[in-house]
Amino acid sequence: MSGHTEHSAPTGGYEPKIMAFVCNWCTYAGADLAGTSRMEYRPNVRIIKLPCTGRIDPLFIIKAFENGADGVLVSGCHPGDCHYTTGNYHARRRWIGFKHLMEFAGIDMRRLHFSWVSASEAIKWVDLINKVTDEIKALGPFMEYKGLKATEAEQG
Amino acid sequence: MEKTLRLKAKELLESGEVKVVIGYGWNRSKTRTTPVFITDPADVDTLVWNPLCVNNLSLYLTRKYKEIKALGRPAIVAKGCDIRNIVVLITEGQFKREDVFIIGMTCNGTVYKQDLWKGELTPNIMPTKCHNCDVRNPHVTDFVVGEKSTFTPPEVPTGMVYDKVKDLDSKSQSERWAFWVKEFSRCVKCYACRQVCPLCYCERCITEKNMPQWIETSAHPRGNLSWNLTRAMHLVGRCTFCGECERSCPVNIPLNLINQKMIGVVKEAFDFKSGYDEKTHPPMIVFSPDDKENFIK
């Protein structure tokens, strides 16, 4: 996160930072449709476009939390709709493992969301972002994860 | 058993069928067993077999050990649980079944840590995996040494690891977080868990990739968490619960808990147990359109 985004956030209270890892062909196009249709949604989401959900390494999500994200959203084509035929099926398997791992490690699952949003589902995307943003806003900053570095500073 | 093992090793080496026998031998003070690599038929008497043979030698078949590979076709002395790792290596295309001669040892259990050995194998010094072992009669072998074991594992797996996983599952999310942060805070990033794991065979590990630095290198809680989560994630659907990572951990991080949890998840979600069939693909490299989940909205 650059200093720029830090300062450009509205000053009237806490605004969460949410990272969205989306696939190029469905969810990104869906978000694009929301934009061209002039739908308004919460500005807290930072979208990272990847070729396919199959490209999303679980480490991206860990890295997002490490760098100060309060929430992460992962989204791609519905099963059966993948541009590369099978990428999202592979991703789904990976997420099943990863979700349980994160849960077992004690990550609050209200901060990590998975969804399927197709290129035509601009309304679903808008609703999803609004819902996720409001939920994470209510939770507050992800201090558990951010605090990990501080713990070390105290010990050191 | 030792006699049969030595005779077979000698025969294999003399006939030239294998070039090296990977097995267990005594250390100098005869308190522990240590891996031995025998290339000369005259040395086969150094091979031993007893409950102290805890090491998972399948590690030496991986590409991490090029100098062993250079010796030629290996024969390996393996317990059922080690053979499960060999099977995973075969399913992942690391070598072919015929590239290795497996001397399967029937096993009545090993000690959890070699320091616990008092000359007798009692259930309380055996690790959880031995109490629930269904491969005491090795399942994929070229030659079997030892009497057939009649042990049947309990219907529902029992033992310390399963109890602790259940206990952690019943706790709240914040309690689990506190537990793991505390455990991982001891991690010194020695990567012993990676070095000893027969399935961590990447030539260039993610921890060594620094453009960008994926895993923070210093041993502080945040980097430790990302390392341990990544390690666990890379073993999903592959780990056979051999327990070498936890055994080798110098600060006793309960890695078995996280591994066993993920084995349970894979069993539940994909009905798969790793290391039994060398013809089935590991679950994370294949998929099914019918995979069930309830969290993707």
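Thresholds, definitions, all that
Residues numbered from 1 in each chain as written. Chains lettered and ligands numbered in written order. Predicted model: local features only at pLDDT ≥ 70, side-chain atom pairs only at ≥ 80, totals over all residues. Helix = DSSP H or I, 4+ residues; strand = E, 2+ residues; numbered from the N terminus. Buried ≥ 20, exposed ≤ 12 C-beta atoms within 10 Å, placed from the backbone. Contact = placed C-beta atoms within 7 Å. pLDDT = per-residue confidence, 0-100. Core = buried A, V, L, I, M, F, W, Y, C linked by C-beta atoms within 7 Å. Domains from an automatic or database assignment. Pairing = 2+ DSSP bridges. Axes fitted to C-alpha atoms, helices over the stretch in contact; angles between N-to-C directions. Nonpolar A, V, L, I, M, F, W, Y, C, P; charged D, E, K, R; others polar.

Trainee: Residue-level account of the overall build of chain A, with values.
Mentor: The helix and strand tally for chain A stands at 6 helices and 4 strands. Reading the helices (α) and strands (β) of chain A from amino to carboxyl end gives α-β-α-β-α-β-α-β-α-α. Across the 156 residues of chain A, 47% fall into the buried class. Taking all contacts inside chain A whose residues are at least 6 apart in sequence as the whole, residues at least 24 apart take part in 82%.

Trainee: Quick rundown of the confidence of the model for chain B? Include the residues and the values.
Mentor: Predicted confidence across chain B gives a mean pLDDT of 93, with 100% of residues reaching 70 or more. Interface scoring of the predicted complex returns ipTM 0.91; its pTM is 0.90.

Trainee: Quick one: what's the story with the nonpolar core, residue by residue and with numbers?
Mentor: All names here are of chain B. Formed by 119 residues in total, the largest nonpolar core has its most connected members in Ile 76 and Met 262. Shared between two domains, this core holds at least three residues of each, these being domain 1 (2-145) and domain 2 (160-285). Look past the residues within four positions of Ile 76 in its chain and what remains in contact with it is Ile 22, Leu 57, Ser 58, Leu 61, Val 100, Ile 102 and Ile 103.

Trainee: An account of the sheet that holds strand S3 (residues 71-76) of chain A is requested, with residue identities and associated values reported.
Mentor: Residues and elements named next belong to chain A. In spatial order, the strands read S2-S1-S3-S4; together these 4 strands make up an open sheet with parallel pairing. Sheet topology places strand S2 (45-50) and strand S4 (112-116) at the edges, where each strand pairs with a single neighbour. Here the average twist between neighbouring strands, direction ignored, is 20 degrees. Judged from the 6 bridges that link them, strand S1 (residues 18-23) and S2 form a sheet pairing that is parallel. By the bridge assignment, Ala 20 is partnered in S2 with Ile 47. Seen against the sheet, helix H2 (residues 27-36) touches S1, S2 and S3 and runs at an angle of roughly 115 degrees to S1.

Trainee: Pulling in residues and values, what's your account of the interface of chain A and chain B?
Mentor: One widely used convention gives an interface's size as the accessible area the parts lose upon coming together. If you look at the interface, chain A gives 30 residues, while chain B gives 32 residues. Residue assignment for the side of chain A that touches chain B shows that the elements contributing at least two residues are helix H3 (58-66), helix H4 (87-105), S4 and helix H6 (143-155) of chain A. Considering every element that reaches the side of chain A that touches chain B, the biggest residue donor is H4(A), with 14 residues.

Trainee: Can you explain unusual backbone geometry? Please cite residues and give values.
Mentor: For residues that are not glycine, phi is negative in most cases, and the peptide bond is trans in most cases. Residue and element names in this part refer to chain B. Cis geometry is adopted by the peptide bond preceding Pro 212, which originates at Met 211 and carries an omega value of 5 degrees. Positioned with a positive phi, Lys 30 is a non-glycine residue whose angle comes to about 55 degrees. For Lys 30, a count of 9 C-beta atoms within 10 Å translates into the label exposed. If you check the backbone angles, Tyr 191 has positive phi at about 60 degrees while not being a glycine. Turning to its location among the elements, Tyr 191 is positioned in the loop between helix H6 (173-184) and helix H7 (192-196).

Trainee: Describe the pairing of strand S1 (residues 20-26) of chain B, and please don't skip the residues or the numbers.
Mentor: All names here are of chain B. Counting buried positions along S1 yields 5 of 7 residues, so the element is predominantly enclosed. Pairing of S1 with strand S3 (residues 74-79) involves 3 bridges; the strand directions are parallel. Bridging from a neighbouring strand, Val 21 pairs with Ala 75 of S3. As paired elements, S1 and strand S2 (residues 33-38) share 6 bridges and run antiparallel to each other. In the strand pairing of S2, Trp 26 is matched with Thr 33. In this antiparallel pair of consecutive strands, S1 and S2, the connection spans 6 residues, and Lys 30 shows a positive phi of 55 degrees.

Trainee: Help me get a handle on the domain arrangement of chain B, residues and values and all.
Mentor: Residue and element names in this part refer to chain B. Taken domain by domain, chain B comprises domain 1 (2-145) and domain 2 (160-285). If you average the C-alpha positions of domain 1 and of domain 2, the two centres end up 24 Å apart. Among the elements of the structure, helix H3 (80-91) and helix H4 (128-131) are those that each provide at least two residues to the side of domain 1 that touches domain 2. Broken down by element, the side of domain 1 that touches domain 2 gets its largest block of residues, 8 residues, from H3. Among the residues making up the side of domain 1 that touches domain 2, the classes are represented as 9 nonpolar, 8 polar and 7 charged.

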